[in-house]
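Notes for the structure review
The chain contents come next:
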2 protein chains.
Amino acid sequence: MKRISFLLNWYLNPYHIPILIAKELNFYKEHDIELSLLEPTNPSDVTKIIGDGEINFGLKAMIHCYAARSRKYQIKSIGTLLDEPPTGFISLKSKNIKQLSDLQGKNIGYVGEFGKVMVDHLAAEAGINSSSYTTVRVGMNASSAIVSGKVDAAIGLSCFQQLEIENMGYSCNLLRIDELANLGCCCFCSILFIVHEKVIKASPEIIINFIKATYMGMQFTREYPKEAYDYFAEINHGMDKSINQKIFHHCLPFFSKDLLNNKKDWDKVGAYAKKLKLIDSNYDATECYTNQFASNAKQDKLCKL
Amino acid sequence: MKRISFLLNWYLNPYHIPILIAKELNFYKEHDIELSLLEPTNPSDVTKIIGDGEINFGLKAMIHCYAARSRKYQIKSIGTLLDEPPTGFISLKSKNIKQLSDLQGKNIGYVGEFGKVMVDHLAAEAGINSSSYTTVRVGMNASSAIVSGKVDAAIGLSCFQQLEIENMGYSCNLLRIDELANLGCCCFCSILFIVHEKVIKASPEIIINFIKATYMGMQFTREYPKEAYDYFAEINHGMDKSINQKIFHHCLPFFSKDLLNNKKDWDKVGAYAKKLKLIDSNYDATECYTNQFASNAKQDKLCKL
C-alpha cells in the first residue's frame, strides 16, 4: 500500500465528493493507495506546497496551473474534476451591480493573487480606473464578506458561494467573468488534479492507479448521487450543513465524466493567461497537462459499480 | 523567507488561535517564516505524514507521539500548545451514563486507533467484557455522532465537543478519562508541536524562529483574547460560528503559557502508554521531546506586544 497525501484546493466541500467516495468505498485501497486528504487554510498555498514537492498530489484551478508553471513550479494536470463551473462577481441584489461599471466605487473581494490580476485586467479593458474601486483579499470567505458588507461583490462560483448566500435569505446578482472577458467558457476556473512532475517520472503506476480509482468515485457519484452525498454528510464534521446538499446538486452537472484535460479549454485559458501576462506570449501550454493517465481510466472494474 | 507547511491535528478551531495570531500578526514573517496551515480530514493521518517526512511541522496529542515513536516514526515534540485539556466520555444526560459500567451495552465513539485502545483498556481494567459494548470510529464527528444517536457516548474534550452539544440545547455527562484511569491529569491529551527529527538536525534555527514567533502568538492570545478571537472569526470561513467563542473561552485556561514540554506529564503518559502496550516497558521517553527550543522562546521582542 502506497500512502499519498492529497491537498484539496479548498476546505472539504461537496464538489470533492467523487474523491471522498473513492476513498470511503475503498476504490483507492483496491488500487493499492492509502489516501490522506488535507485541506488548505489558504488556497494560495496549494501550488507552492505541491510545486515545492512537499506534497505530491492535489487540486487547483486551470489559471493557477499556468501561473505556477510560469514561476517554475513543476506541476502538471493529470485530469479534470470540475469542468467550467460558472464563476463571476457575486453581490447582493440590493447593491444593484448589473454590469462591470457598477463596480466603480465598490469593494471587490477576490480569493488570492490571480483573482486580483483578473479583476484589474477586466477593469482596465473596460476603461475603469483602478483607483475607482478597492480590491480585498477574502480567501475562502467570499460569502461571509458579501453578507457582512465587508465587500460589495466578490468572485465566487454560482454553484457554491451564490447558493450559500441565497440560502441565508438574500437574492444575488452574478456577473459572469467568462461573459465580461469574452472567454466563451469558465474553463479558467476548472478544477484539476495536479501532481509534481517528479511523480510522473518516478511512479507513473501510482498515478494510473490514482486516476482509475478516482474515475470509479466519479462514476459512482454521478450515477448514485444520493448515496454519494450521504457518505459526505456522514464524514463532514459540523451540524448545520443543509446548504451542502444544494451545493452538491448544483455541482453535479459540472463534474467531469471522463476526468480528461480538455485541450480546447487549455488553449483558451492559455490565451487568457497571456493577456493577463501570467505567462510569456510564446509559452507552450502542452507542458501543463497530460491525458496519458485519464485516457485509460475507464477500462477498470466498471462492473463493480 | 523559509516556507513551512504546518499540519494541524484537527480542523482549524479556536484552540489553534495562538498559531493563527502569530501568522496574521506577521510574527512568523518577522522570524523569516512563511507558514502554510493545513488541516487533516482524518486526524490519524498526522503522525504518518510528519513521520514520513512529507510535512515537517504539525500538532498531535502526547499519547500519539508515543505511539508514533513506537512505530519508528522520527517525530519529536518541541513544545506544548494545549496543556491537559479535560477529556472523557461525553454523553447526553438522557443516556444516564454516570460511571464506566454504564457503558455496557452501548456504542462508544472514539477518534482514531489509540482512542479504541484506551476504551478497551479502561473496560478491561474495570472487568467489563469487550463484547458487552461496541466501539465506533467517529473521527472528528464526535458531537454529531452523539446528538444523532449514532453513538451513546464518545471521547471528546469538555472545552470543545461538550460545549458544541450543549450549545445545541442538550445537557451532557462527562466521564473524565484521567479519573477513570487514575492518571492524575489529562496530559495524555495535551496538544504538542511536533517536527520530524531531520529538521532538528538540519535546520535548528528554523525551529528556534518558529517557536519564538509562536510564543509571541501565544502571549498575544492570552493577553488580548478578544482581539485574538476577532482575528479567528474573520479568517474562519462559515457563518454560524457563535459556538466558537464559547470554545475559545473554555480553552483559554489550557493554553501553555511557556510552550514547554512538561517532564512530569511525559513520565506519567509514558507509564500509561506502557500499560496500554503502546510502547515497550523499557522505553526511554526522553527521545520523544526536547525543550531546547521552547526554553529560549521568551527572550524575543516581548516589548512589541
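The rules behind these values
Residues numbered from 1 in each chain as written. Chains lettered and ligands numbered in written order. Predicted model: local features only at pLDDT ≥ 70, side-chain atom pairs only at ≥ 80, totals over all residues. Heavy atoms only, no water. Helix = DSSP H or I, 4+ residues; strand = E, 2+ residues; numbered from the N terminus. Rg over C-alpha atoms; globule rule 2.2 N^0.38 Å. Buried < 20%, exposed > 50% of the residue type's maximum accessible area, 1.4 Å probe, protein only. Contact = heavy atoms within 4.5 Å. Lys, Arg positive; Asp, Glu negative; His and termini not counted. Charge placed at Lys NZ, Arg CZ, Asp CG, Glu CD. Buried area = accessible area lost by both parts, 1.4 Å probe. Salt bridge = Lys/Arg side-chain N within 4 Å of Asp/Glu carboxyl O. Polar contact = N/O pair within 3.5 Å; in protein donor to acceptor, adjacent residues only side chain to side chain. Arc of directions from axis to C-beta. Disulfide = S-S within 2.5 Å. Pairing = 2+ DSSP bridges. Axes fitted to C-alpha atoms, helices over the stretch in contact; angles between N-to-C directions. Parallel < 35°, antiparallel > 145°, perpendicular 65-115°, else oblique. Nonpolar A, V, L, I, M, F, W, Y, C, P; charged D, E, K, R; others polar. Least-squares fit on C-alpha atoms with pLDDT ≥ 70 in both. pLDDT = per-residue confidence, 0-100.

Regarding its fold elements, chain A presents 13 helices and 10 strands. Here chain A has a C-alpha radius of gyration of 19 Å; the compact-globule value for 305 residues is 19 Å, and the two agree. Each principal axis of the C-alpha distribution contributes one length, and for chain A these read about 55 × 50 × 30 Å. Counting every position in chain A, which comprises 305 residues, the buried fraction comes to 59%. Contacts in chain A between residues at least 24 apart in sequence constitute 82% of all its contacts with a sequence separation of at least 6. Between the mean site of the 35 positive side-chain charges and the mean site of the 33 negative ones, chain A shows a separation of 2 Å.

Here we take up the interface of chain B and chain A. Taken together, the contacts link 32 residues of chain B with 31 residues of chain A. Here chain B and chain A share an interface that buries about 2800 Å² over both sides, 50% of which is from carbon and sulfur atoms. Where chain B packs against chain A, one counts 8 salt bridges. Lys48 of chain B serves as the salt-bridge partner of Glu34 of chain A, at 2.6 Å between the closest nitrogen and oxygen. For the interface between chain B and chain A, the tally reads 19 residue pairs in polar contact (both at pLDDT 80 or more). Elements with a contribution of two residues or more to the side of chain B that touches chain A: strand E1 (2-7), strand E2 (33-40), helix H3 (46-51), helix H6 (142-148) and helix H11 (225-235) of chain B.

What follows is about helix H11 (residues 225-235) of chain A. All names here are of chain A. Every buried residue belonging to H11 is among Ala228, Tyr229 and Phe232, and all of these are buried. An end-on view of H11 places all buried positions within 95° of arc, on one side of the element. Next to the buried residues of H11 lie helix H1 (17-24), helix H10 (204-223) and helix H12 (242-251).

Let's shift gears to the state of the cysteines. Scanning the model with the defined rule gives 2 disulfides over all chains in all. Cys172 of chain A takes part in no disulfide bond, and the closest cysteine sulfur to it belongs to Cys159 of chain A, at a distance of 13 Å. The buried category is assigned to Cys172 of chain A, whose relative accessible area is 9%. Looking at Cys288 of chain B, it has no disulfide partner, and the nearest cysteine sulfur is the one in Cys65 of chain B, 7.1 Å off.

Right, let's get into the sheet that holds strand E7 (residues 134-137) of chain A. Residue and element names in this part refer to chain A. Taken together, the 5 strands give an open sheet; going across it, the order is E7-E6-E8-E5-E9, and neighbouring strands pair in mixed fashion. Edge positions in the sheet fall to E7 and strand E9 (172-176), since each has one partner strand and no second. Across the sheet, the mean angle from the axis of one strand to that of its neighbour is 35°, orientation sign disregarded.

Another aspect to go through is the pattern of salt bridges. Tallied over the entire structure, the rule returns 28 salt bridges over all chains. For Glu234 of chain A, the salt bridge is made with Lys150 of chain B, and the minimal N-O distance between the two is 2.5 Å. Within this pair, whereas Glu234 of chain A is found in helix H11, its partner Lys150 of chain B is found in the loop between H6 and strand E8 (153-157), the two belonging to separate chains. The exposure class assigned to Lys150 of chain B is partly exposed, which follows from its relative accessible area of 36%. Here the salt bridges share partners, and the residues they tie into one network are Arg69, Lys76, Glu197 and Glu287 of chain A.

Residues and elements named next belong to chain B. As a packed pair, helix H10 (residues 204-223) and H11 sit with axes 5 Å apart at the nearest point and diverge in direction by 115°. The angle between H10 and H11 falls in the class roughly perpendicular. Together, Phe220, Thr221, Arg222 and Glu223 of H10 and Pro225, Glu227 and Ala228 of H11 make up the contact between the two elements. Class assignment of the residues belonging to the contact of H10 with H11 gives a composition of 3 nonpolar, 1 polar and 3 charged.

In this section: the relation of the copies chain B and chain A. The transform that puts chain B on chain A rotates by 180° and translates by 0.0 Å along the axis, for an RMSD of 0.0 Å. Within this description, the copies of the chain are treated as partners about a two-fold rotation axis. Within chain B, the C-alpha atom positioned nearest to the axis of rotation is that of Glu39 of chain B, 2.4 Å from it. By residue overlap, the copies meet face to face through one surface: 97% of the interface positions of chain B are interface positions in chain A.

Looking now at the confidence of the model for chain A. When pLDDT is averaged across chain A, the result is 93; 96% of the residues are at 70 or more. Confidence metrics for the complex model read pTM 0.90 and ipTM 0.84.

Residue and element names in this part refer to chain B. For Thr290, the location among the structural elements is in the segment after helix H13 (263-275). Exposure remark for Thr290: the relative accessible area of 12% places this residue in the buried category. Ignoring sequence-local partners within four residues, the contact set of Thr290 consists of Lys76, Ser77, Ile78, Ile200 and Asn261.

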